[in-house]
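Take a look at the letters that make up each chain.
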Amino acid sequence: MLINFLRHKLCLLICSICYFLAAITWAQENPNKALTAVQKAIAQQKLAISSVSKKRQQLEQQLKNDDLAIAKVAKSINATAKSLITVQQKLTELTKEKHALTQKKQQQEDLLAQQLRAAYSSGNHDYLKLILNQEQPANVQRTVTYYEYLNKARIAHIDKFQVTLTALLAVTTEQQEKEQQLKSLKKQQAQEKVALQGSKIARKKTIQSLQKELLTSQQQLAKLEAEENNLVAALAKLAAAARAEIDLKGLAKLRNKLYWPVKGRISHRFGSQKQGYLKWKGVMLAAKMGEQVKTIHNGTVLFADWLKGYGLVTVIDHGNGYMSLYGHNQTLLKSVGDRVETGEPIALVGQSGGQQRSGLYFEIRHQGKAVNPKLWCK
């Protein structure tokens, strides 16, 4: 059986050698035809590569549009959520205020009722008759003084009662308006969530189309290399354009003192292999979609936009040549030129830029050179 197997393999090898020799002989005898065939094959290959490249560019542009659409809706949802919290807090305050005013109104009603009962029990005297009564002048004077005192007290309490009623009406009206606003915000939030889901479905289809356009290892390496060079060039321009601020001291004295921008497992470490000879210049932190991304230190926003290969990116200048970068966000909460403080939310975790899973790409650079974030963050 082994001999038969070896015979079969030998026959295949002989056939291959014969075919190869025949092809060489044909090429030697027909050099022009061979050259034409090769040129035709090269032209077809170039056309195929150009077609794939063009299609990928279109899909990558569509991916950018999908990411920006998601970012817009996510930012709106974030703002709506903040408004809901504010309105709910105001409603709680108004409810407490209304309760206090209602109690105050009840107390004032009871006090006025007591005054009226006291006036009635003292005798239902006619005020004019008392003044004209000449039989007991001293008693008349005391009674008139007493009536004036009661009258002034009653008027004062009535005025306070009126103020309470006015305040209660105003609070009740505002409470009704806030309840209506809360209802509208909840409706708006529901619509925004539907829109967000639609954008996510569109983005998923775009990524699936991109995945169908398979790249060879060499093409993938070239793609990542181009994206990294693009990022380096962009950061170099930002560094040149950054204005040195006196109060931005950089990160030199903050080693192992800063907090990570999000809490999560490091799925790709600084310096580990990315593709071929390329290595990770930052870290990839696994985190939940929509989680707040916080700046590691105070600074100024230098860049806040979509960048090929990195999705929605925020870059912050910390002074003295130090910058931090936050990529693959769902949406950006700050604009170029904004001043941010340590721990302030600047974005929401996402998967923009074609990522399959949500997470944050995070870099720290000094004088344009990437440094290990683990040396600064604890």
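One can find the structure itself at the top, above this paragraph.
This one's a predicted model, so the numbers in the text were calculated from it and none came from an experiment.

**Q** What exactly am I supposed to notice about the packing of aromatic side chains here?
**A** Evaluation of the coordinates by the stated rule reveals 5 aromatic pairs. Relative to Phe362, the ring of Trp260 lies with its centre 6.1 Å away and its plane at 75 degrees, an arrangement referred to as edge-to-face. A residue pair is termed long-range when its members are at least 10 positions apart, and Trp260 in the loop between α5 (217–241) and β1 (266–268) and Phe362 in strand β11 (residues 359–366) qualify at 102 residues. Geometrically, the ring pair formed by Trp280 and Tyr361 is tilted, given 5.9 Å between the ring centres and 50 degrees between the ring planes. In this pair, Trp280 is assigned in the loop between β3 (278–279) and β4 (283–286) and Tyr361 in strand β11, connecting sequence segments 81 residues apart. Tyr361 shares its class with Trp280; the two are buried. Among the aromatic side chains, those forming a connected cluster through ring pairs are Trp260, Tyr326 and Phe362. Over the aromatic face of Trp376 sits the side chain of Arg255, whose NZ or CZ is 4.6 Å from the ring centroid. Across from the ring centre of Trp280, 4.8 Å away, lies the NZ or CZ of Lys274, which sits over that ring.

**Q** Can you help me understand the environment of Ala236 in this one?
**A** Position of Ala236 among the secondary structure elements: in helix α5. In this structure Ala236 comes out as partly exposed when scored by relative accessible area, which is 47%. As a C-alpha pair, Ala236 and Lys369 span 133 residues in sequence and 9.9 Å in three-dimensional space.

Calculation notes
Residues numbered from 1 in each chain as written. Predicted model: local features only at pLDDT ≥ 70, side-chain atom pairs only at ≥ 80, totals over all residues. Heavy atoms only, no water. Phe/Tyr/Trp six-rings, centres within 6.5 Å; stacked < 30°, edge-to-face > 60°. Helix = DSSP H or I, 4+ residues; strand = E, 2+ residues; numbered from the N terminus. Buried < 20%, exposed > 50% of the residue type's maximum accessible area, 1.4 Å probe, protein only. Lys NZ or Arg CZ within 6 Å of the ring centre and 35° of its normal.

Keep in mind these numbers describe shape, not what the thing actually does.
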